[in-house]
Amino acid sequence: MITTDAQVLDALLPAAIHLHDAMVEKGATTPAAIDTLLARLAPDLEADARPFVLRLATWVAFYTEDVIDEAMLDIVRAANPTLALGALSVQSQWAAFDLRVRRGEHPDAPNKERLRNEDVEHFRAAVAGMPAYAFGRLFREQLATTPTAPPYEDNLA
């Protein structure tokens, strides 16, 4: 059985993400350089927690690589690859919001479905040419509907 301490995880995961980012930014490739970065980024981190941060940072790097590789395969077909990347990203934003709601950190939004549909409409033209499988179910279902004008365009008369 796996046991976790949320406070420990909440401290370790951001350190791992920042370590990954700093390694890319600084070009840290040696164990000594990585240790120096970790010491600078998380000076209060206890020695026995460092291996866990390194393990988490490894998974952050693998996940980041996988997401970018998969996205690149799909966005090259898009009408606007830059905005198409944003369309893929917004789905993770939705998941993060729902997870925060689930954890009790944020109230749910009563108009969440409408807001998400507006997100899809914002990106609709940009993702033209991308395969539907590149998106999650909610995004695909809205793309399958008849396009609607975003509410801000209704006031341009």
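Small disclaimer: the values here were computed from a predicted structure and weren't measured.

Cut-offs applied
Residues numbered from 1 in each chain as written. Predicted model: local features only at pLDDT ≥ 70, side-chain atom pairs only at ≥ 80, totals over all residues. Heavy atoms only, no water. pLDDT = per-residue confidence, 0-100. Helix = DSSP H or I, 4+ residues; strand = E, 2+ residues; numbered from the N terminus. Phe/Tyr/Trp six-rings, centres within 6.5 Å; stacked < 30°, edge-to-face > 60°. Buried < 20%, exposed > 50% of the residue type's maximum accessible area, 1.4 Å probe, protein only. Core = buried A, V, L, I, M, F, W, Y, C linked by side-chain atoms within 4.5 Å. Contact = heavy atoms within 4.5 Å.

1. Comments concerning the confidence of the model for the chain
Mean pLDDT over the chain works out to 90, with 92% of the residues at or above the 70 mark. Predicted confidence in the chain is weakest over helix α1 (residues 6-26), with a mean pLDDT of 92, and strongest over helix α2 (residues 31-41), with 96.

2. Some points on the packing of aromatic side chains
Centre distance and the angle of the planes are the two values used to describe a pair of aromatic rings. This structure, assessed with the given rule, holds 3 aromatic pairs. Seen from their ring centres, Trp59 and Phe62 are 5.8 Å apart, and the 65° between their planes marks the pair as edge-to-face. With a gap of 3 residues between them, Trp59 and Phe62 both fall in helix α3 (residues 50-75), about one helical turn apart. When its relative accessible area of 57% is taken as the criterion, Trp59 is described as exposed. Here Phe62 falls in the partly exposed class, since its relative accessible area comes to 46%. Ring pairs connect the aromatic residues Trp94, Phe135 and Phe139, which therefore count as one cluster.

3. Things to note about the nonpolar core
Of all hydrophobic cores here, the largest spans 15 residues; its most connected members are Leu88, Val127, Met130, Phe135 and Phe139. Of all the elements in the fold, those that place two or more residues in this core are α3, α4 (81-102) and α5 (112-123). The element contributing the most residues to this core is α4, with 5 residues. With residues up to four places along the chain from it excluded, the contact list for Leu88 reads Ala71, Ile75, Met130, Ala134 and Phe135. Ranked by size, the runner-up nonpolar core spans 14 residues in total, among them Ala15, Ala22, Leu37 and Val53.

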